[in-house]
Amino acid sequence: MIPEIGHFALILALSLAVCQGIMPLIGAHKNDEALMSVARPAAVGQFVFVIISFACLAWSFQQNDFSVLYVANHSQLALPAIYKFAAVWGAHEGSLLLWILLMAGWTVAVARYSAELPRDMTARVVGVLGLLSCGFLLFTLLTSNPFERLIPAPADGADLNPLLQDPGLAIHPPILYAGYVGFSVAFAFAIAAMLTGKLDQAWARWTRPWTTWAWLFLTVGIALGSWWAYYELGWGGWWFWDPVENASFMPWLAGTALIHSLAVTEKRGLFKSWTLLLAISAFSLSLLGTFLVRSGVLVSVHAFATDPERGLFILAFLGIVIGGALSLYAWRAPKLDSTAGFRPLSRETFLLLNNVLLIIATTIILYGTLAPLLYDVFEWGKISIGPPWFEFAFALPMVPLILLIGVGMHTAWRSQAFAALYEQLKLPGIIAIVAGIAVPTVFYGRSGLLLSIGAIAGFWIMAVSLIHPIRSWRRAPGTPAMTRSVMGMSVAHFGVGMFTLGITIVSSFTVETDQSVRVGETVEVAGYQFKLTNLQNVQGPNYQALEGEIEIRRNGEFISELRPQKRTYLVQQSPMTEAGIDAGWNRDLFVALGDPLGNDAWSVRLQYKPLIRFIWLGALIMAFGGLIAASDRRYRLTATATEKTPELSGEPA
Amino acid sequence: MKPRQQRMLAVGLAAAGLAIATVLSLKAFQENLMFFIEISEVANGNAPQDRNFRVGGLVVEGSVRREPGELEVEFTLTDLENELPVFYNGILPDLFREGQGIIAHGRLDNGRFIADEVLAKHDENYMPPEVAESLAKHAAAQEAALEAETDQQ
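What counts and what doesn't
Residues numbered from 1 in each chain as written. Chains lettered and ligands numbered in written order. Predicted model: local features only at pLDDT ≥ 70, side-chain atom pairs only at ≥ 80, totals over all residues. Helix = DSSP H or I, 4+ residues; strand = E, 2+ residues; numbered from the N terminus. Rg over C-alpha atoms; globule rule 2.2 N^0.38 Å. Buried ≥ 20, exposed ≤ 12 C-beta atoms within 10 Å, placed from the backbone. Contact = placed C-beta atoms within 7 Å. Expected span 1.5 Å × (residues − 1). Domains from an automatic or database assignment. Nonpolar A, V, L, I, M, F, W, Y, C, P; charged D, E, K, R; others polar. Pairing = 2+ DSSP bridges. Core = buried A, V, L, I, M, F, W, Y, C linked by C-beta atoms within 7 Å. Axes fitted to C-alpha atoms, helices over the stretch in contact; angles between N-to-C directions. pLDDT = per-residue confidence, 0-100. Left-handed = near helix turned anticlockwise from the far one by under 90°.

(A) Focus on the overall build of chain A. Of the regular secondary structure elements, chain A holds 20 helices and eleven strands. Computed over its C-alpha atoms, the radius of gyration of chain A comes to 26 Å, within 12% of the 26 Å expected for a compact globule of 653 residues. When the 653 residues of chain A are sorted by exposure, 55% land in the buried category.

And the structure:
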């Protein structure tokens with residue numbers, strides 16, 4: 001009964017999404033108040049029914065209703081309750097339901113917080129979001145119904161994929177999807193602007209906080225995924241350039257370009273058509289990512305749904321959304337051009353460079369992700385592209401970008417005098433060069449060209465990101481403090497610096513070794529002594545494990561005891577490696593058990609990873625910067641659609 | 001700057017940046033791409049001698065050998081027509097076992113494949129598609145049996 005209610009609620013949600021998608025758009029076109037006012041109630045109604053549907057699926061999981069095929073395939077009696085809840089989005093059908101839920105949630109938020117928007121703008125934005133919801137609801141109902149019955153019901157389920165039975169992965173998809181779906185709001189704003197034919201600075205001011213929110217969710221989502229891969233999947237790797245990772249990274253890069261381009265559109269009324277194109281790209285890349293993952297066209301550890309029918313549906317949907325948006329763009333965007341100018345040395349130029357470099361990076365990753373597919377289609381052979389290529393090609397646009405960030409963020413809008421800029425950046429530049437060369441040499445005992453460039457770039461951005469906060473802190477009494485926008489920018493860029501430094505140090509100084517170890521033996525890695533003191537069997541709720549006890553000492557002094565496990569999940573009989581990690585701000589010690597090698601020896605992987613925490617911490621700080629910027633006062637003030645005089649000089653991006 | 005100049009500057013910068021990035025990255029691309037070579041092709045001498053490539057097949061039952069207590073391991077891969085001995089020094093993936101379809105990255109050395117990475121997918125029934133295809137091609141006789149296996153996916 002409950003699953004049928006869920007299924008029925010989903011169908012009702014679709015009917016409301018159709019109303020939400022069609023009536024407000026017609027209303028806005030005809031300037032019909034009654035039709036436009038359908039937008040909000042329809043969006044709220046859709047959200048309510050999607051919540052009911054989602055709750056029904058969650059309830060079926062909690063009740064162990066194995067007569068529901070999806071539950072039978074992805075749960076089990078002994079599965080802990082928290083993972084029964086996370087299992088709702090543990091596979092294809094449920095993750096679509098999650099996507100729809102989040103999309104409906106974003107729509108309601110837009111409808112709720114759009115009081116100051118012109119009515120026709122709200123109607124168009126909500127309408128476009130309704131049409132997108134229709135696509136996903138149809139996709140779910142026609143090809144991927146999570147409520148499909150399995151009669152007769154099995155006595156027990158097939159269990160959730162053990163890889164997903166982990167707190168990191170339980171929260172990773174909702175946050176990542178919130179980011180993906182969030183870009184649909186920017187997309188809807190872009191479509192609405194093109195439909196009205198009006199794109200002013202007020203439009204950019206409405207769009208910016210939504211885009212920043214989507215971006216910060218995506219940032220946290222990607223960081224969580226990377227962290228999870230590190231301790232659960234990767235034997236200590238944190239990024240694999242796997243197609244699924246790339247699928248989330250491309251919209252992130254396009255979204256990063258978008259939030260910077262929006263800054264120019266808001267402050268100076270420039271880059272309008274470019275901003276629109278980026279808004280379309282960011283969401284299109286989110287959809288493309290879904291297509292790549294869900295259709296299973298690319299081989300990857302994450303691709304758990306492989307079904308050509310689904311692939312064709314998403315491909316058609318992708319074609320309609322991207323094709324439609326780009327046609328509208330080709331037709332309308334030329335009318336939106338602006339006339340203001342700027343000097344070569346100005347904030348605008350640097351933001352333009354930022355956009356160009358980010359788009360180059362996106363294109364490179366897109367090419368690397370799709371190349372195996374192209375080679376296959378044209379029968380040039382079956383290829384795979386190793387991470388070394390991605391690392392090299394991605395660094396090409398990224399190194400100049402990172403060095404330019406520091407200059408760009410201290411350059412004034414319109415025009416900047418060189419001498420003043422040079423004065424301001426001289427000290428941070430010297431600090432960065434000294435620290436970038438000294439820190440690797442002194443603390444890690446080695447230096448090198450690429451290593452120095454990376455470290456200098458990291459210190460450089462961190463140093464210049466402190467200029468605004470320091471100046472604000474030491475300002476004369478009575479003068480205004482820096483705005484949330486400037487603080488957000490400074491914090492986010494500081495995060496970029498930590499991230500850069502973390503990557504540089506971890507990729508240069510990681511020590512990694514596979515060893516054959518017997519109980520009682522000691523192995524030395526990077527000055528730490530790892531001693532295997534014991535091996536024993538332990539019993540988990542739905543798995544058995546062999547647990548190793550590894551005592552770590554440094555020069556005799558006790559550091560930590562780690563208990564890595566080799567688990568066998570009982571239902572799927574699949575083995576899993578649970579690494580033991582001693583995390584510290586400046587280094588991780590990582591231990592994973594391999595296989596029995598005979599003679600009582602076990603293979604063990606031991607790693608020393610300096611500054612690896614800076615990678616995720618940097619990403620979280622970036623997201624936190626976004627949060628600060630999105631909370632800026634001016635987004636909460638009632639904005640009017642009238643063009644305001646652009647604010648000048650020293651204003652934040 | 002005038003809007004037209006801005007656009008020209010933007011286009012010029014984008015073009016120059018793209019050109020440099022394209023040349024460098026395509027060059028690196030050629031060096032880094034790894035072809036999947038079927039085991040029978042390797043046996044016929046059609047594998048590249050001086051660069052890395054990927055092979056995939058079933059781990060032959062009873063072929064996994066190692067000196068007790070040592071990390072180095074040897075095993076044989078088959079596409080059901082030809083076989084290829086593989087040497088690997090490292091920790092095998094969780095799902096590596098005899099009879100399982102796996103993929104290895106590495107290069108050829110005197111008829112032996114020296115793997116620097118061995119991959120097995122994290123799903124009991126999952127067969128890497130390249131491997132499945134290669135097996136199907138080289139074992140027409142066993143195709144029916146194989147289909148039964150791929151059907152379970």
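(B) Quick look at the overall build of chain B. A tally of helices and strands in chain B yields four helices and six strands. Looking at chain B as a whole, 31% of its 153 residues qualify as buried. Considering only intrachain contacts with a sequence separation of at least 6, the fraction spanning at least 24 residues in chain B is 53%.

(C) Summary view of helix α9 (residues 201-233) of chain A. Along its 33 residues, α9(A) runs 46 Å from first to last C-alpha, staying within 8% of the 48 Å computed at 1.5 Å per residue. For α9(A), a buried count of 32 out of 33 residues is recorded, marking the element as mostly surrounded by other parts of the structure.

(D) Layout of the domain arrangement of chain A. Residues and elements named next belong to chain A. Taken domain by domain, chain A comprises domain 1 (417-509 + 613-621) and domain 2 (511-610). Taken over C-alpha atoms, the centre of domain 1 sits 36 Å from the centre of domain 2. Each partner contributes residues to the interface: domain 1 has five residues there, and domain 2 has five residues. Broken down by element, the side of domain 1 that touches domain 2 gets its largest block of residues, three residues, from helix α18 (residues 484-509). Of the residues contributing to the side of domain 1 that touches domain 2, the split by class is four nonpolar, no polar and one charged.

(E) Just unusual backbone geometry, in detail. Residue A:Pro152 is bonded to the preceding A:Ile151 through a cis peptide linkage, with omega at -5°. Residues other than glycine seldom take positive phi values, yet B:Leu80 does so here, at roughly 75°. Mapped onto the elements, B:Leu80 comes out in the loop between β3 (72-78) and β4 (83-89). A tally of 21 C-beta atoms within 10 Å means that B:Leu80 is categorised as buried.

(F) Summary view of the interface of chain B and chain A. With 36 residues of chain B at the contact, the number on the chain A side is 41 residues. At the level of elements, α1 (3-32), β1 (33-35) and α3 (129-138) of chain B are the ones that each hand at least two residues to the side of chain B that touches chain A. Alignment of strand β1 (residues 383-385) of chain A against β1(B), held across three bridges, turns out to be antiparallel. Of the residues in β1(B), the one forming a bridge with A:Ser384 is B:Met34.

(G) Representation of the environment of A:Arg112 in the model. Positionally, A:Arg112 belongs in helix α6 (residues 92-112). Residues A:Arg112 and A:Val44, spaced 68 residues apart in sequence, show a C-alpha to C-alpha distance of 9.4 Å.

(H) Region of interest: the nonpolar core. Residue and element names in this part refer to chain A. With 241 residues, the main nonpolar core has Ile100, Met103, Ala186, Phe189, Ala190 and Ala279 as its most contacted residues. Of all the elements, α9 adds the most residues to this core, at 21 residues. Ignoring any residue separated from it by four or fewer positions in sequence, one finds Ile100 in contact with Val50, Ser133, Phe136, Leu137 and Thr140.

(I) Spatial organisation of the environment of B:Lys137. All names here are of chain B. One can find Lys137 in helix α3. We classify Lys137 as partly exposed; it has 14 C-beta atoms within 10 Å. Put simply, Lys137 and Gly101 are 36 residues apart on the chain and 15 Å apart in space, counted from C-alpha to C-alpha.

(J) Here's a closer look at the sheet that holds strand β6 (residues 112-119) of chain B. All names here are of chain B. Sheet architecture is closed into a barrel: five strands sit in the order β2-β3-β4-β6-β5, paired in mixed fashion. Across the sheet, the mean angle separating the axes of adjacent strands is 50° when strand polarity is ignored. Summarising the sheet, strand β2 (residues 53-59) and β3 pair through two bridges and their orientation is antiparallel. Residue pairing in the sheet places Val59 in a bridge with Leu77 of β3.

(K) Structural detail: the sheet that holds strand β9 (residues 580-583) of chain A. Residues and elements named next belong to chain A. Read across the sheet, four strands follow the order β2-β11-β10-β9 without closing on themselves; strand pairing throughout is antiparallel. Single-partner strands in this sheet number two, and they are β2 (511-517) and β9. Ignoring which end each strand starts from, the neighbouring axes of this sheet average 15° apart. Looking at chain direction, β9 and strand β10 (residues 587-598) are connected through four bridges and run antiparallel. Across the sheet, residue Asp582 finds its bridge partner in β10, namely Leu589.

(L) Representation of the confidence of the model for chain B within the structure. The pLDDT averaged across chain B works out to 81; a share of 84% of its residues lies at or above 70. In the predicted assembly, ipTM is 0.80 and pTM is 0.90.

(M) Inspection of the pairing of strand β3 (residues 522-525) of chain A at higher detail. Residues and elements named next belong to chain A. Here β3 runs beside strand β4 (residues 528-539); their pairing, made up of four bridges, is antiparallel. For Thr522, the partnering residue across the bridge sits in β4 and is Lys531. Count of turn residues in the β3/β4 antiparallel hairpin: two residues, of which Ala526 carries a positive phi of about 50°.

(N) Highlighting helix α1 (residues 2-30) of chain A. Under the 1.5 Å per step criterion, the end-to-end length of α1(A) is 42 Å for 29 residues, consistent within 8% with the ideal 42 Å. Count one or two residues on from α1(A) and you reach A:Asn31, which has phi positive near 60°.

(O) Fine view of the confidence of the model for chain A. Residue and element names in this part refer to chain A. Taken as a whole, chain A shows an average pLDDT of 89; of its residues, 95% reach a score of 70 or greater. Here residues 300-305 is a poorly scored stretch, pLDDT under 50, and it has 19 contacts once near neighbours within four places are set aside; other chains count. Between residues 638-653, whose pLDDT stays under 50, and residues either more than four places distant or in other chains, the model counts 33 contacts.

(P) Summary view of the packing of α1(A) against helix α7 (residues 119-143) of chain A. Residues and elements named next belong to chain A. Look at α1 against α7: their axes get within 7 Å of each other, and the N-to-C directions meet at 150°. Handedness of the α1/α7 crossing: left-handed. Class assignment of the residues belonging to the contact of α1 with α7 gives a composition of 16 nonpolar, seven polar and two charged.

(Q) Structural context of the environment of A:Leu532. As for its position among the elements, A:Leu532 is in strand β4. Spatially, the C-alpha atoms of A:Leu532 and A:Ile402 are 43 Å apart, while their sequence positions differ by 130 residues.

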